[in-house]
Amino acid sequence: MGERSPDSLHAEHLGRDALHPDVLDCWTGRNWTDHCNHSDGHRGDHHHWSVHLRYSNQRIRTRSLFRVCPGGAYYLISRSLGPEFGGSIGLIFAFANAVAVAMYVVGFAETVVEMLNDVDALMTDELNDIRIVGTLTVILLLGISVAGMEWEAKAQIVLLIILLGAIANYFIGTFMPTESKEPKGFFGYKTAIFIENLGPDFRNDETFFSVFAIFFPAATGILAGANISGDLADPQSAIPKGTLLAILITGVTYVAVAISTGSCIVRDATGDHNDTVIDTVNCTDAACTLGYDFSICKEGGCQYGLMNNFQVMSLVSAFGPLISAGIFSATLSSALASLVSAPKVFQALCKDNIYPGLGVFAKGYGKNNEPLRGYVLTFGIGLAFILIAELNIIAPIISNFFLASYALINFSVFHASLANSPGWRPSFKYYNMWVSLAGAILCCVVMFVINWWAALVTLLIVLALYVYVSYKKPDVNWGSSTQALMYNQALIHSLNLTVVEDHVKNFRPQCLVLTGYPNSRPALLQLVYSFTKNVGLMVCGHIKKVSRRPNYKEFFQDHARCQRWLNAKRIKAFYTPVFSDNLRHGTQLLLQAVGLGRLKPNTLVMGFKNNWREGDMRDLEIYINTIHDAFDLHFGVVLLRLPEGLDISHIQGQDELLLSNEKPPASNNNQVVISVSEAKDSDSDSCPSKTTSNQSSPLIIRAAETKGPLSQTEKRLLESSQQFKKKQGKGTIDVWWLFDDGGLTLLIPYLLTNRSKWGDCQIRVFVGGKINRIDHDRRVMATLLNRFRIDFSDIIVLGDINTKPKEDNKRIFKGLIEPYRLKEDDMEQEAAERLKAQEPWRITDNELELYKAKTSRQIRLNELLKEHSSNAKLIVMTMPLARKGTVSSALYMSWLETLSRDVPPMLLVRGNHQSVLTFYS
């Protein structure tokens with residue numbers, strides 16, 4: 001932004017007050033660490049703010065910034081591959097760094113103890129002295145680390161100067177050969193020695209990879225800078241430059257030292273001046289050409305030479321004690337870096353709250369947010385491994401952990417490229433995704449070659465942690481490449497499905513469920529989810545009635561809250577609201593527009609309109625026409641009726657019951673992104689339960705604040721609304737298959753019995769028949785169901801289905817329809833026609849006479865339902881149809897009311913006559 005002041009900025013559309021204070025910090029140069037440690041109570045996906053900047057007469061532009069926050073390798077992996085991989089590898093990477101502290105300290109302690117041994121100054125014995133020296137050393141390093149990054153940086157500079165001096169001292173010494181050093185194997189640069197040492201000479205069952213496992217941790221310090229990314233002024237520039245330079249400098253140094261020692265020092269030497277060449281016949285190695293016979297070393301016991309003397313660099317150097325100082329510097333520097341890195345990584349992991357119980361280590365202290373608790377934890381882990389006191393045991397342990405971390409770092413880069421997200425724009429000129437993949441594969445291969453069982457244990461630990469995080473599904477949104485790849489795959493598969501014709505074998509119920517707010521009709525939601533879970537699409541449709549321009553801000557906030565509510569309840573469904581002036585028009589919009597390609601609903605699910613007689617009959621007309629519209633659009637229709645009703649949104653405090661087990665939203669997200677987005681969502685992560693105005697939705701009414709004592713009716717309604725969340729126990733699902741609708745009436749009960757909640761229920765099938773052919777009809781039906789491969793407990797053929805209903809029930813039906821009859825005989829024809837046009841739901845005398853038989857059938861079916869299915873867990877019945885434009889809404893609704901009155905929970909199902917069941921002869 002240069003010299004621009006905050007006063008030169010303003011927010012287009014949102015206004016000045018809409019600018020989040022953290023956004024202004026970005027432009028005014030405040031400490032970025034504050035943003036990474038910022039926890040404002042919003043979810044991860046709400047760290048997006050829309051900032052439109054205009055300066056002078058320039059055009060409005062939007063700028064996106066990204067901050068690499070503390071956590072180093074863990075942060076990079078987690079924000080790229082997501083919390084599953086990030087959490088598992090973060091825990092292992094932090095542990096590996098803690099163990100690395102022990103390795104470096106033990107290396108330091110071994111050098112000190114060897115020096116003490118040379119002057120006979122051991123305190124106890126070599127092993128225990130290593131433990132004592134190591135413990136004292138790690139306590140000293142802990143004190144430096146706790147003092148703060150400034151002291152750690154100063155200490156690192158001092159150690160670096162000593163290390164550089166030791167390296168220079170060594171190379172100077174290689175050009176200063178003396179005769180006193182020749183018996184110990186040092187002869188200066190000789191071609192014969194270089195050629196002899198060029199090939200491998202593994203001893204004592206050692207192999208290349210067993211030696212590599214011990215050497216490899218020496219290269220793990222290249223990520224020390226990345227691990228303290230939160231303390232770097234410009235991590236985006238410093239991390240790649242510093243890491244590449246670290247690889248280059250250390251690689252050149254290691255290779256130069258290896259070539260130098262291999263050119264100056266023989267592998268075995270006795271240290272005895274008298275071992276000169278006597279017999280040239282048996283002496284053929286490089287030392288012989290230089291006048292010494294060290295052939296006795298083949299029998300073992302020699303203490304000098306490259307293979308025996310671990311202090312050989314001190315022998316070669318110009319000033320031996322400076323090499324020891326360099327060893328101290330190298331080990332202490334690496335130990336200090338690991339002691340600082342591990343708590344930083346662990347703190348970042350704990351702040352993300354991926355694993356429960358670790359949040360105590362997330363707290364930071366001081367202006368730099370130092371993880372003091374993490375230091376204590378790292379100290380404890382390091383001390384435990386220091387007590388092992390064997391460098392060759394500790395080194396292979398952490399090699400696999402570091403290799404696993406590096407494999408995932410490489411893979412995360414490859415994965416980001418594979419996802420092909422527009423936001424992935426690597427700036428490194430020579431970047432290639434296949435190099436990253438090769439690096440990841442190579443790391444995995446080396447893990448198994450070094451130690452196959454340790455690699456297997458490491459991978460199992462990573463897998464266990466991955467599965468745990470995947471199951472817990474932390475409430476974070478880091479814009480990971482996993483999300484981007486998931487989108488790519490979903491898009492590709494959806495497009496591929498569009499060219500595939502529907503087939504009866506692949507039919508699945510894909511339901512558009514008119515729930516309103518999802519927590520308003522939980523019984524409807526839970527029952528439909530029982531047969532769509534992992535089988536078919538489920539969309540929760542919500543028609544929001546408006547009389548004026550809707551408030552889209554609240555609209556999007558409600559949408560986000562309700563979708564999160566579904567996710568929190570682990571209901572795999574989409575919430576889709578629309579604005580409309582009435583139920584019918586809104587449903588038409590949903591029926592025509594919801595879905596993508598083949599992922600499109602084919603069944604409309606609604607609640608039964610229990611209160612149809614109490615409200616405006618225009619609403620009933622809209623309700624019935626909505627059903628007709630679904631059939632016109634070739635949808636199946638399912639109606640659920642519970643005796644107590646479905647809608648519980650009017651009960652104050654019901655949300656406390658519904659949301660009592662819902663987790664609070666995650667609040668800490670260490671990634672700061674400024675991007676084009678709507679304004680932030682409100683803190684509430686619950687779905688509004690009801691609407692008090694035409695276009696606004698209230699926040700949750702908490703029971704503790706406003707809830708009064710519930711009436712018995714409300715208690716029964718609440719209890720009924722939760723009945724499908726419980727295990728149903730033993731019982732029956734009674735299927736009344738009265739018409740051939742394509743098989744949807746049979747398919748839904750079959751899918752229900754495949755769920756654990758309904759697993760103890762058995763299917764009973766009721767069909768109509770003739771009294772003199774009951775056995776024959778039962779055998780025919782049993783054969784058909786067996787071909788459909790649908791298990792059933794019984795088939796009941798209703799031979800008396802066509803008998804006349806009881807007179808009492810007829811009188812009840814007559815009383816039911818009486819208020820809605822047109823009674824055209826009592827008025828002039830013109831007046832009757834005018835009234836019918838104004839109130840089309842009215843029932844005419846002609847209509848009653850025309851559908852007298854169908855009316856009697858509904859009354860009789862209700863009698864049979866009460867007789868045979870009064871104890872069923874659920875009744876699934878083929879829904880009767882009414883000819884559109886011929887049967888009035890009041891008559892049709894009276895049929896449905898009569899049919900389903902005073903019976904257990906009932907599903908009225910009517911398919912669109914598309915075959916949904918397959919059978920093989």
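Position numbers for residues start from 1 in each chain and track the written sequence from start to end. At least 70 in pLDDT is required for a residue's local features to be given in this predicted model, at least 80 for side-chain atom pairs to be given and counted, and no such filter applies to totals for whole chains, interfaces and linings, which use all residues. The side-chain numbers reported here are obtained from all heavy atoms of the structure, hydrogens and water having been left aside.

Another point: the overall build of the protein chain. By definition, any uninterrupted DSSP run of H or I lasting at least four residues is a helix, any uninterrupted run of E lasting at least two residues is a strand, and each is numbered from the N terminus. Helix and strand counts for the protein chain stand at 32 helices and ten strands. Residue exposure (1.4 Å probe, protein chains only): buried if accessible area is under 20% of the type maximum, exposed if over 50%, otherwise partly exposed. A burial count over the protein chain gives 48% of its 921 residues as buried. Within the protein chain, contacts between residues at least 6 apart in sequence are counted, and of these 80% link residues at least 24 apart. In short, Shrake-Rupley with a 1.4 Å probe defines the accessible areas, and a residue's cover is counted only from the protein chains shown. Roughly 44,600 Å² of accessible area belongs to the protein chain as shown, and the carbon and sulfur atoms make up 57% of that amount. A contact between two residues is defined here by any heavy atoms of the two lying within 4.5 Å.

Right, let's get into the side chain of Thr174. Here Thr174 lies in helix α6 (residues 149-174). Leave out the neighbours within four places in its chain, and Thr174 touches Phe186, Gly188, Tyr189, Ser260, Cys264 and Val316.

A patch consists of residues whose relative accessible area exceeds 30% and which take part in no salt bridge; residues with like charges are grouped when within 9 Å of each other, and nonpolar side chains (Val, Leu, Ile, Met, Phe, Trp, Tyr) when within 5 Å. We define a salt bridge as a contact between a side-chain nitrogen of Lys or Arg and a carboxyl oxygen of Asp or Glu at a distance within 4 Å. The grouping of Phe448, Trp452, Trp453, Leu456, Val457, Leu459, Leu460, Ile461, Leu463 and Val467 at the surface amounts to a nonpolar patch, some 940 Å² of accessible area in total. Along the polypeptide, Val467 turns up in helix α17 (residues 452-472).

Looking at where Phe631 falls in the secondary structure, it is placed in helix α22 (residues 617-632). On a C-alpha basis, the gap between Phe631 and Thr603 in space is 9.5 Å, while along the polypeptide they are 28 residues apart. Discounting residues that sit within four places of it in the chain, Phe631 has contacts with Val637, Met879, Leu881, Arg910 and Gly911.

Each nonpolar core is a collection of buried residues, namely Ala, Val, Leu, Ile, Met, Phe, Trp, Tyr and Cys, held together in the definition by side-chain atoms within 4.5 Å. Of all hydrophobic cores here, the largest spans 72 residues; its most connected members are Tyr74, Leu141, Ile354, Tyr355, Phe402, Leu403 and Tyr406. Considering every element that reaches this core, the biggest residue donor is helix α4 (residues 83-118), with 17 residues. Among all residues touching Leu141, those that are not within four sequence positions of it are Val105, Leu332, Ala335, Leu336 and Leu339.

Geometrically, a packed helix pair is captured by the angle between its two axes and the distance between the axes. In contact at an axis separation of 10 Å, helix α28 (residues 807-817) and helix α32 (residues 889-900) are set at 140° when each is read in the N-to-C sense. It follows from the interaxial angle that α28 and α32 lie oblique. The crossing of α28 and α32 is right-handed. Side by side, α28 and α32 meet where Phe813, Leu816 and Ile817 of the first sit next to Leu891, Ser894, Trp895, Glu897 and Thr898 of the second. When residues are grouped by polarity, Ala, Val, Leu, Ile, Met, Phe, Trp, Tyr, Cys and Pro land in nonpolar, Asp, Glu, Lys and Arg in charged, and all others, Gly among them, in polar. Its residues assigned to classes, the contact of α28 with α32 shows five nonpolar, two polar and one charged. Orientation is described by lines fitted to C-alpha atoms, with helices fitted over the stretch in contact, and by angles between N-to-C directions that extend from 0 to 180 degrees. Note on angle classes: values under 35 degrees are labelled roughly parallel, values over 145 roughly antiparallel, values of 65 to 115 roughly perpendicular, and the remainder oblique. In this scheme the crossing of two helices becomes right-handed for a clockwise turn of the near helix relative to the far one and left-handed for an anticlockwise turn of less than a right angle.

Counted under the stated rule, the structure contains 24 salt bridges. Asp268 is the partner of Arg203 in a salt bridge, and the nearest nitrogen-oxygen pair spans 2.7 Å. Taken as a pair, Arg203 in the loop between α7 (191-198) and α8 (208-215) and Asp268 in the loop between α10 (235-264) and α11 (286-289) lie far apart in primary sequence, 65 residues in all.

It is worth spelling out the state of the cysteines at this point. In this description, a disulfide is simply a cysteine sulfur pair whose atoms lie within 2.5 Å. Within this structure, the stated rule accounts for one disulfide. Sulfur-sulfur distance for the disulfide between Cys297 and Cys302 comes to 1.9 Å. Between Cys297 and Cys302, the S-S torsion sits near -95°, and that sign places the bridge as left-handed. Residue Cys297 is classed as buried on the basis of its relative accessible area of 8%.

Right, let's talk about the sheet that holds strand β9 (residues 874-878) for a bit. By this definition, two strands are paired if DSSP reports at least two bridges between them. What the ten strands build is an open sheet, ordered β3-β2-β1-β4-β5-β10-β9-β6-β7-β8; its pairing is mixed. If you trace the sheet from one side to the other, it starts and ends with β3 (574-580) and β8 (794-798), each paired once. Strand-to-strand, the axes of this sheet are offset by a mean angle of 20°, without reference to chain direction. Across three bridges, the pairing between strand β1 (residues 511-514) and strand β4 (residues 603-607) is parallel. In the sheet register, Val513 faces β4, and the bridge partner there is Val605. Packing of helix α27 (residues 774-787) onto the sheet brings it into contact with β7 (761-768) and β8, and relative to β8 it is tilted by some 135°.

A helix is expected to span 1.5 Å multiplied by its residue count minus one. Its 15 residues place the ends of helix α14 (residues 372-386) 21 Å apart at the C-alpha level, agreeing with the 21 Å of an ideal helix rising 1.5 Å per residue. Those residues of α14 that fall on the buried side of the exposure criterion are Gly374, Tyr375, Thr378, Phe379, Gly382, Phe385 and Ile386. Down the axis of α14, the smallest arc covering the buried residues is 140°, so these residues share one side. Contacts from the buried residues of α14 go to α4, α5 (126-147), α13 (320-351) and α15 (391-419). Picture the helix axis, draw a direction to every C-beta atom, and the arc is the one those directions span.

Quick look at the confidence of the model for the protein chain now. On average, residues of the protein chain carry a pLDDT of 78, and 83% of them reach 70 or more. The low-confidence segment residues 656-686, where pLDDT is below 50, has 102 contacts with residues more than four positions distant or belonging to other chains. pLDDT expresses, on a scale from 0 to 100, how confident the predictor is about each individual residue.

Moving on, we get to the packing of aromatic side chains. For Phe, Tyr and Trp, where Trp contributes only its six-membered ring, two rings pair if their centres lie within 6.5 Å, and the inter-plane angle classes them as stacked under 30 degrees, edge-to-face over 60, or tilted in between. Inspection of every chain in the model, using the stated rule, returns 27 aromatic pairs. Between Phe208 and Phe212, the aromatic rings sit 6.2 Å apart at their centres with planes inclined by 20°, giving stacked as the arrangement. Residue Phe208 and its partner Phe212 are located together in helix α8, separated by four residues, close to a single helical turn. Note on Phe208: relative accessible area 49%, which makes it partly exposed. Taken together, a centroid distance of 5.6 Å and an interplanar angle of 75° make the contact between Phe215 and Tyr254 edge-to-face. Of the two residues, Phe215 is situated in helix α8 and Tyr254 in helix α10; the sequence distance between them amounts to 39 residues. Residue Phe215 is classed as partly exposed on the basis of its relative accessible area of 41%. The rings of Tyr552, Phe555, Phe556 and Phe579 are connected pair by pair, giving a single aromatic cluster. In this scheme, the term charge over a ring applies when either NZ of a lysine or CZ of an arginine sits within 6 Å of the ring centre and within 35 degrees of the ring normal. Lying across the ring of Tyr365, Lys363 places its NZ or CZ 5.2 Å from the centre.

For the rest of this paragraph, the subject is α5. Between its first and last C-alpha atoms α5 spans 32 Å; for 22 residues at 1.5 Å apiece the expected length is 32 Å, and the two agree. Those residues of α5 lying buried are Asp129, Ile130, Val133, Gly134, Thr137, Val138, Leu141, Leu142 and Ser145. Summarising the contacts, the buried residues of α5 are in contact with α4, α13 and α14. Its side-chain oxygen 3.1 Å from the backbone nitrogen of Leu127, Asp125 forms the N-cap of α5. In the analysis that follows, any N or O atom pair within 3.5 Å is treated as a polar contact, provided that within protein one partner can donate a hydrogen and the other can accept it, and provided that, for residues neighboring in sequence, both atoms belong to side chains.

With respect to burial, β7 is a largely interior element, six of its eight residues being buried. Note that strand β6 (residues 731-736) and β7 share six bridges and pair parallel. The residue bridging Trp736 from the neighbouring strand is Phe766, located in β7. As a crossover connection, the stretch from β6 through helix α26 (residues 744-753) into β7 is right-handed. Direction of pairing for β7 relative to β8: parallel, over a ladder of five bridges. Across the sheet, the residue bridging to Gly768 is Leu798, located in β8. Once the chain exits β7 it traverses α27 before rejoining the sheet at β8, and the crossover so formed is right-handed. With strands facing away from the observer, any crossover in which the path from the first strand over the helix to the second runs clockwise is taken as right-handed.

All right, on to unusual backbone geometry then. Across residues other than glycine, the phi torsion is negative in most instances, and most of the peptide bonds are trans. Its identity is not glycine, yet Asp120 carries a phi of approximately 55°, on the positive side. Structurally, the position occupied by Asp120 is in the loop between α4 and α5. With phi around 70°, His634 is a residue other than glycine that occupies positive phi space. Of note, His634 is situated in the loop between α22 and β5 (636-641). Exposure remark for His634: the relative accessible area of 48% places this residue in the partly exposed category.

Once that is clear, we can look at a positive patch on the surface. Under this rule, positive means Lys or Arg and negative means Asp or Glu; His and the chain ends count for nothing. The atom standing in for a charge is NZ when the residue is Lys, CZ when it is Arg, CG when it is Asp and CD when it is Glu. Among the surface-exposed residues, Lys472, Lys473, Lys533, Arg570 and Lys572 lie close enough to one another that they form a single positively charged patch. Within the secondary structure layout, Lys572 lies in the loop between α20 (552-568) and β3. Looking at Lys572, the relative accessible area reads 53%, which means it is exposed.

Next up on the list: the environment of Leu798. Tracing the backbone through its elements, the reader meets Leu798 in strand β8. When the C-alpha positions of Leu798 and Asp777 are compared, they lie 9.9 Å apart, and in sequence the two are 21 residues distant. Not counting residues within four places of it along the chain, the set of residues in contact with Leu798 comprises Trp736, Phe766, Val767, Gly768, Gly769, Leu864 and His868.

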